[in-house]
Amino acid sequence: MAKNRSAGSTGRGHDFVVVANRLPVDATVDQDGTVQWTRSPGGLVTALAPLMRSGDGAWVGWPGRTEEDLDPFEADGIHLRPVPLTQQEVTDYYEGFSNATLWPLYHDVIVPPEYHRHWWNTYRKVNERFATEAADAADEGAEVWVQDYQLQLVPAMLRRMRPDLRIGFFNHIPFPPVELFGQLPWRSAVIEGLLGADLVGFQRSGDAANFLRAVRRFTTHSTRGNEIAIDPGTQADDADDAHNTGRRQVRAAAFPISIDAAHFDEVARSEPVLERAAQIRRELGDPRTVLLGVDRLDYTKGIRHRFKAFGELLDEGKITAPGTALVQVASPSRERVEQYQALRHQIEESVGHINGQHGSLAGAAIYYMHHSYPMEEMAALYLAADVMLVTSLRDGMNLVAKEYAAARHDLGGVLVLSEFAGAAADLPQALLINPHDIEGTKAAIMRAIDMPERDRRRRMRALRRRVMDNDVRQWAQAFLSTLQALTQER
Ligand code: G6P
């Protein structure tokens, strides 16, 4: 089913190629059955769209539909190169190896990762397909930026096919400590896959440090500071690489990702969004305090810990419903993966339990929505919330925390933020919590509820400054200019 294109040809000749699991578009099917593609909302595509349009860029990714062999197409001025996947490949590569092996392993084994050889084999095969498509799209000497844990083998595969390319990789999720990473039966192959890049980017310096330790432990390459000197003996392809003079160097460094802050700020200032925020509070019965959680329904987000803390505060009479309401948006995610199904049951049982105990005809304690919403509705919810709860047990960054700050142009609201989210390093003015410490989390929630206005405004001003000054465009620029500097000499 893969199209018959030879790797190594320069194909359509794009000088900038992004490779990500998903294309940045969503399909809608018209009544007559024709498929329309619209750009999906998301920081990454926002940051890269100008580059994709002004330069001759292309985006390689899976279109999200199976059993379909689409030709390259344009959407919103972006050149898209679809990589087809069969249903079985989605099961083994995406739901299996990516989201039931790597995802839990890289998030501190919050649930046990599963190791299956047939999942790994499909992961390899699918990574090869992405690499082939990228090799075909890229012009001589082009820059290729590979995204995230679903595609960790692509950099080395691509380098083998096209040694002329400048290759960057960015890991959006944590990179685990070596003691956990070591569980992976294919740990050396994954590290070698990543080392095909010239620059490997992580969210936090701690992730880069974990990766460098894994390089020392599981490969024969040596490291010095943030640089890895590739031992040519282990990478046969490098030995006869005409573009390589001597030993190749790879850099591992932190580039904390952000959001399109100015756009979020603008949306949150718009009249319809301000009106909607007021309406949300009225719809909730004008409670004294609105707490808010916004997450993909994922076990890494600590939603159960959050509910436990909230439920205990109600049990103890420190807060009462419906005077205090918790709004929880949990967007559907990876619904065919067993652990996500189990989590959904637990969360919904817990909502039922707390509402059964503390809700009344006057209003519920928890308003739970298993939906995703457009950006305008999210901005209105952020504006309506007195306290934002981000309680991740482990999180690469957590962009919800940054969105909350970007939306609060009124300097209202308090952010309670887990120290296990990458965002904690960027947003130290939040009330930082250890979500495993239920008493500490309860105390932080009460402190947020009772925080004097002056203190609240001071903290929010500082949070906003951090977010507005470091947006996703700067993130992309910082990464790409480092990649350019590293590869300039070649
Ligand atoms: C995380 C990952 C992304 C992923 C997203 C949504 O942010 O880093 O790579 O796209 O979750 O997950 P999904 O499985 O729906 O793509």
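Residues numbered from 1 in each chain as written. Predicted model: local features only at pLDDT ≥ 70, side-chain atom pairs only at ≥ 80, totals over all residues. Heavy atoms only, no water.

1. Focus: the overall build of the protein
(1) Moving on: What the protein contains, in helices and strands, is 18 helices and 18 strands.
(2) Moving on: Taken against the 2.2 N^0.38 rule, which gives 23 Å for 490 residues, the C-alpha radius of gyration of the protein at 23 Å falls within 12% of a compact globule.
(3) Moving on: Viewed in the frame of its principal axes, the protein has a C-alpha envelope of about 70 × 55 × 40 Å.
(4) Moving on: Across the 490 residues of the protein, 58% fall into the buried class.
(5) Moving on: Put simply, of all contacts in the protein between residues at least 6 apart along the chain, 74% involve residues at least 24 apart.
(6) Moving on: On the protein, roughly 19800 Å² of surface is accessible, and the fraction owed to carbon and sulfur atoms is 47%.
(7) Moving on: Of the charged side chains in the protein, 55 are positive and 66 negative, and the gap between their average positions amounts to 5 Å. (Helix = DSSP H or I, 4+ residues; strand = E, 2+ residues; numbered from the N terminus. Rg over C-alpha atoms; globule rule 2.2 N^0.38 Å. Buried < 20%, exposed > 50% of the residue type's maximum accessible area, 1.4 Å probe, protein only. Contact = heavy atoms within 4.5 Å. Areas by Shrake-Rupley, 256 points an atom, 1.4 Å probe, with all protein chains shown as cover. Lys, Arg positive; Asp, Glu negative; His and termini not counted. Charge placed at Lys NZ, Arg CZ, Asp CG, Glu CD.)

2. A word on the pairing of strand E9 (residues 199-202)
(1) Moving on: Of the two faces of E9, the one holding Leu199 and Gly201 and the one holding Val200 and Phe202 are both buried throughout.
(2) Moving on: Two elements, strand E8 (residues 166-170) and E9, share three bridges in a ladder whose sense is parallel. Bridging across to E9, phenylalanine 169 finds its partner in valine 200.
(3) Moving on: Two strands pair when backbone bridges link them, and E9 and strand E12 (residues 249-254) are joined in this way by four bridges, in the parallel orientation. Residue pairing in the sheet places glycine 201 in a bridge with alanine 253 of E12. (Pairing = 2+ DSSP bridges.)

3. A look at the pattern of salt bridges
Oppositely charged side chains can form a pair if their charged atoms are brought close together.
(1) Moving on: This model, assessed by the stated rule, comprises 35 salt bridges.
(2) Moving on: Where glutamate 179 meets arginine 213, a salt bridge forms, and the shortest distance between an N and an O atom there is 3.5 Å. Remark: arginine 213 occurs in helix H7 (residues 205-218) and glutamate 179 occurs in helix H5 (residues 178-181); sequence separation between them is 34 residues.
(3) Moving on: For arginine 213, a relative accessible area of 34% puts it in the partly exposed group.
(4) Moving on: Beyond isolated ion pairs, a larger network of salt bridges with shared partners links Lys308, Glu312, Glu316, Lys318, Glu439 and Lys442. (Salt bridge = Lys/Arg side-chain N within 4 Å of Asp/Glu carboxyl O.)

4. Concerning the packing of aromatic side chains
(1) Moving on: Under the criterion given, the structure shown has 25 aromatic pairs.
(2) Moving on: Residues tryptophan 120 and tyrosine 123 carry aromatic rings whose centres are separated by 6.0 Å and whose planes lie at 25 degrees to one another, so their mutual orientation is stacked. Taken together, the residues span about one helical turn, with tryptophan 120 and tyrosine 123 both in helix H3 (residues 117-137) at a distance of three residues.
(3) Moving on: Ring geometry for phenylalanine 175 and phenylalanine 181: centres 5.0 Å apart, planes at 40 degrees, overall tilted.
(4) Moving on: You can call phenylalanine 175 buried: its relative accessible area is 1%.
(5) Moving on: Positioned above the aromatic ring of tryptophan 103 is the side chain of arginine 334, whose terminal nitrogen or guanidinium carbon lies 4.1 Å from the ring centre. (Phe/Tyr/Trp six-rings, centres within 6.5 Å; stacked < 30°, edge-to-face > 60°. Lys NZ or Arg CZ within 6 Å of the ring centre and 35° of its normal.)

5. Thoughts on the sheet that holds E12
(1) Moving on: Strand order in the open sheet made by the ten strands is E5-E6-E4-E1-E7-E8-E9-E12-E11-E10, with mixed pairing throughout. Taken across any chain shown, the strands that pair with only one partner, and hence form the sheet edges, are strand E5 (73-75) and strand E10 (222-224). The sheet shows a mean angle of 25 degrees between the axes of neighbouring strands, direction not considered.
(2) Moving on: One ladder, built from four bridges, connects strand E4 (residues 57-62) with strand E6 (residues 78-82); its direction is parallel. Paired with tryptophan 59 across the bridge in E6 is leucine 80. (Axes fitted to C-alpha atoms, helices over the stretch in contact; angles between N-to-C directions.)

6. Quick notes on the sheet that holds strand E14 (residues 324-331)
(1) Moving on: Strand order in the open sheet formed by six strands is E15-E14-E13-E16-E17-E18, and the pairing between neighbours is parallel. Bordering the open sheet on either side are strand E15 (366-369) and strand E18 (431-433), each of which pairs with just one other strand. Here the average twist between neighbouring strands, direction ignored, is 20 degrees.
(2) Moving on: Of the pairings in the sheet, the one linking E14 to E15 comprises four bridges and is parallel in character. Note that in E15 the partner of valine 327 across the bridge is tyrosine 367.

7. Considering the site of the ligand
(1) Moving on: Within the structure, the ligand sits among Tyr94, Asn99, Trp103, Asp148, Tyr149, Gln150, His172, Ile173, Arg296 and Arg334.
(2) Moving on: A distance of 2.5 Å is found between an oxygen atom of the ligand and a side-chain nitrogen or oxygen belonging to tyrosine 94.
(3) Moving on: Here an oxygen atom of the ligand and a side-chain polar atom of aspartate 148 are 2.5 Å apart.
(4) Moving on: Look at the ligand: alone it shows 380 Å² of surface, and the protein chains cover 64% of it.
(5) Moving on: Top element by residues in the shell around the ligand is helix H2 (residues 87-106). It accounts for three residues.
(6) Moving on: Considered class by class, the residues forming the shell around the ligand number four nonpolar, three polar and three charged. (Near = heavy atom within 4 Å. Polar contact = N/O pair within 3.5 Å; in protein donor to acceptor, adjacent residues only side chain to side chain. Nonpolar A, V, L, I, M, F, W, Y, C, P; charged D, E, K, R; others polar.)

8. Considering the nonpolar core
(1) Moving on: Val19, Phe130, Phe175, Phe181, Phe211 and Ile228 are the most contacted members of the largest nonpolar core, which has 98 residues in total.
(2) Moving on: The residues that make up this core include at least three from each of domain 1 (14-258 + 474-489) and domain 2 (261-470).
(3) Moving on: Phenylalanine 130 has contacts with Val19, Ala20, Asn21, Val60, Gly61, Trp62, Val83, Tyr93, Leu151 and Val154, leaving out every residue within four places of it along the chain.
(4) Moving on: By size, the runner-up hydrophobic cluster in this structure holds 72 residues, among which are Ala47, Ala385, Leu427 and Phe479. (Core = buried A, V, L, I, M, F, W, Y, C linked by side-chain atoms within 4.5 Å. Domains from an automatic or database assignment.)

9. Some remarks on the pairing of strand E3 (residues 35-39)
(1) Moving on: Pairing of strand E2 (residues 25-29) with E3, which is carried by five bridges, proceeds in the antiparallel orientation. Among the inter-strand pairings, alanine 27 is bridged to a residue of E3, identified as tryptophan 37.
(2) Moving on: Between the antiparallel neighbours E2 and E3 lie five residues, among them glycine 33 with a positive phi of about 90 degrees.

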